[in-house]
Amino acid sequence: MSQFWSDLVQQLDPYVPGEQPQDHQYIKLNTNENPYPPSPEVAKAIQGFPLESLRRYPDPESSDLRKALAGYFSLEPNQIFIGNGSDEVLAHSYQAFFSGRDPILFPDISYSFYPAYCSLYQIKYRSIALDKKLCVDVSDYRGANGGIIIPNPNAPTGIALSLDAIRELLENTTSVVIVDEAYVDFGAESALRLIADFPNLLVIQTFSKSRSLAGMRLGYALGQPELIEGLNRVKNSFNSYPVDSLASAVAVASLKDEAWFQQCRDRIISTRGWLEIALTELAFKVYPSASNFLFVQHASFPAHDLYQKLKKAGILVRYFDAPRIDNCLRITIGSKDECRSLIEALKQIIMNSKIDE
Ligand SMILES: *Cc1c(COP(=O)(O)O)cnc(C)c1O
């Protein structure tokens, strides 16, 4: 605490990201980064980028990127909003659509930025408990609310909702529903197809996970023009040049290489299948994942203990010290080699403790 901080800043509870150690070489399976590099088209775009153009401010409308995404998703450019990572798009969406009169709703076990934005923007919220299987039951989201935000697939569980469930959610509310599709490419069905039917639906996606571009900070929202215009009003009252010109060129290049995108994604999905079996054989319960991570719980080893022992062995996974999930680990799907190392390390940890007994 500091006497210089505003009342608002005194009471913030900021988001804590997964560790990004700068000194030690870890096998990093803790922040859902993609194990594969971005497309060679991206390398070409960076190498061929006209240095001289950096003198100028970027296009405040991100027109090229919006056009490219419109083509990719068969939407109009005025149905697309671009931001500096989807976290920024989420933040603007809170300001644009969540008035603070009624509490907004999101799952109790979900992306921990959601409550952090509520404290920053002074928006009330009510968290809705996931069911016993850690699934979202959309019938719990009926009734008065100031907006709904749900990741699909959910994080950190990895469990996906069906398109029918999302439709049901939309049919039972008149407030804005944000579907955060950070992981949708790894196995869930996008709510994109519902945009034409629901003026209150905002779909948010990112280049960070499935397109291996977390370092570039590129996210976007898809929705009817009325919602996109609301986001533009917030953006243009905050920072009208969110995406820099190099990032924009990189994003356009990435969208051109569909084959690369699908190949990397398919490899991750296939490794996920392999890892799920290997972990199950080591007595882990593995929640059904439609994302690039697995949410797991061991039959006898406490999660925090495993987290620490893995870290000592040079492998980072994510542990959440939060109610209901403090005995679970979230493990990002790395390359096949990284996942093999994880299994070997876990076997060692489990074996050594048997010798101790
Ligand atoms: C990673 C993640 C994001 C943020 O992605 P960026 O585009 O890198 O800001 C948003 N929502 C969820 C659920 C995520 O896991």
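Please read these numbers as outputs of a predicted model, since none were measured by experiment.

## Examining the packing of helix α4 (residues 86–97) against helix α7 (residues 225–235)
Here is step 1: One can describe the packing of α4 onto α7 by two numbers: an axis separation of 9 Å at closest approach and a directional angle of 105 degrees. The angle between α4 and α7 falls in the class roughly perpendicular. Where α4 abuts α7, its residues Val89, His92, Ser93, Gln95, Ala96 and Phe97 lie against Leu227, Gly230, Leu231, Val234 and Lys235.

## Thoughts on the domain arrangement of the protein chain
Here is step 1: Taken as a whole, the protein chain is organised into domain 1 (7–37 + 259–356) and domain 2 (41–256).
Here is step 2: Computed from C-alpha coordinates alone, the two centres of domain 1 and domain 2 are separated by 25 Å.
Here is step 3: Between domain 1 and domain 2, the residue contacts involve 27 residues of the former and 32 residues of the latter.
Here is step 4: In this assembly, domain 1 packs against domain 2 so that about 2,400 Å² is buried in total across both faces, 63% of it on carbon and sulfur atoms.
Here is step 5: Sorting the residues of domain 1 by area buried against domain 2 places Tyr15, Phe261 and Arg324 first, and these three jointly supply 28% of that buried surface.

## Overview of the pairing of strand β6 (residues 177–180)
Here is step 1: Neither face of β6 is exposed, since Val177 and Val179 on one face and Ile178 and Asp180 on the opposite face are all buried.
Here is step 2: In this sheet, β6 lies alongside strand β5 (residues 148–151) in parallel orientation, the contact comprising 4 bridges. Of the residues in β6, the one forming a bridge with Ile148 is Val177.
Here is step 3: Here β6 pairs with strand β7 (residues 201–206) via 4 bridges, running parallel. Paired with Asp180 across the two strands is Ile204, which belongs to β7.

## Thoughts on the site of the ligand
Here is step 1: Residues in close proximity to the ligand include Gly85, Ser86, Asp87, Tyr111, Asp180, Ala182, Tyr183, Thr206, Ser208, Lys209 and Arg217, which together make up its full environment.
Here is step 2: At 2.6 Å from an oxygen atom of the ligand is found a main-chain nitrogen or oxygen belonging to Ser86.
Here is step 3: Between Arg217 and the ligand, the recorded distance is 2.8 Å, taken from a side-chain N or O atom to an oxygen atom.
Here is step 4: Protein coverage of the free-state accessible area of the ligand, which is 390 Å², stands at 93%.
Here is step 5: The residue inventory of the shell around the ligand, partitioned by class, reads 3 nonpolar, 4 polar and 4 charged.

## Remarks on the environment of Gln308
Here is step 1: Examined against the element boundaries, Gln308 turns out to sit in helix α10 (residues 303–312).
Here is step 2: On the basis of relative accessible area, Gln308 is assigned to the partly exposed category, the value being 42%.
Here is step 3: Taking the C-alpha atoms as reference, Gln308 lies 9.4 Å from Tyr319; in sequence the two are 11 residues apart.

## What to know about the side chain of Ser210
Here is step 1: If you trace the backbone, Ser210 turns up in the loop between β7 and β8 (219–223).
Here is step 2: Classification of Ser210 as buried rests on a relative accessible area of 4%.
Here is step 3: Reaching out from Ser210, the side chain makes a polar contact with the side chain of Asp185 at a distance of 2.5 Å.
Here is step 4: If near-sequence neighbours (up to four positions away) are discounted, Ser210 is found in contact with Asn34, Asp185, Phe186 and Phe261.

## Examining the packing of aromatic side chains
Here is step 1: For the structure shown, the criterion picks out 16 aromatic pairs.
Here is step 2: With 4.6 Å between their ring centres and 15 degrees between their planes, Tyr57 and Tyr241 make a pair best called stacked. Of this pair, Tyr57 sits in the loop between α2 (40–47) and α3 (63–73) while Tyr241 is found in the loop between α7 and α8 (245–256), placing the two residues 184 residues apart along the sequence.
Here is step 3: Residue Tyr57 is classed as exposed on the basis of its relative accessible area of 65%.
Here is step 4: Aromatic side chains Phe73 and Tyr220 sit 5.9 Å apart centroid to centroid with 40 degrees between the ring planes, which places their arrangement in the tilted category. Taken together, the positions of Phe73 in helix α3 and Tyr220 in strand β8 put the pair 147 residues apart, joining distant regions of the chain. Judged on exposure class, the residue Phe73 and its partner Tyr220 are both buried.
Here is step 5: An aromatic cluster is defined as three or more aromatic residues linked by ring pairs; in this entry it consists of Tyr15, Tyr94, Phe98, Phe106, Tyr111, Phe113, Tyr114, Tyr117 and Tyr125.
Here is step 6: We note Lys285 situated over the ring of Tyr287; from NZ or CZ to the ring centre the distance is 4.6 Å.
Here is step 7: It is Arg330 that lies over the ring of Phe293; its NZ or CZ is 5.6 Å from the centre.

So, how was this worked out
Residues numbered from 1 in each chain as written. Predicted model: local features only at pLDDT ≥ 70, side-chain atom pairs only at ≥ 80, totals over all residues. Heavy atoms only, no water. Axes fitted to C-alpha atoms, helices over the stretch in contact; angles between N-to-C directions. Helix = DSSP H or I, 4+ residues; strand = E, 2+ residues; numbered from the N terminus. Parallel < 35°, antiparallel > 145°, perpendicular 65-115°, else oblique. Contact = heavy atoms within 4.5 Å. Domains from an automatic or database assignment. Buried area = accessible area lost by both parts, 1.4 Å probe. Buried < 20%, exposed > 50% of the residue type's maximum accessible area, 1.4 Å probe, protein only. Pairing = 2+ DSSP bridges. Near = heavy atom within 4 Å. Polar contact = N/O pair within 3.5 Å; in protein donor to acceptor, adjacent residues only side chain to side chain. Areas by Shrake-Rupley, 256 points an atom, 1.4 Å probe, with all protein chains shown as cover. Nonpolar A, V, L, I, M, F, W, Y, C, P; charged D, E, K, R; others polar. Phe/Tyr/Trp six-rings, centres within 6.5 Å; stacked < 30°, edge-to-face > 60°. Lys NZ or Arg CZ within 6 Å of the ring centre and 35° of its normal.

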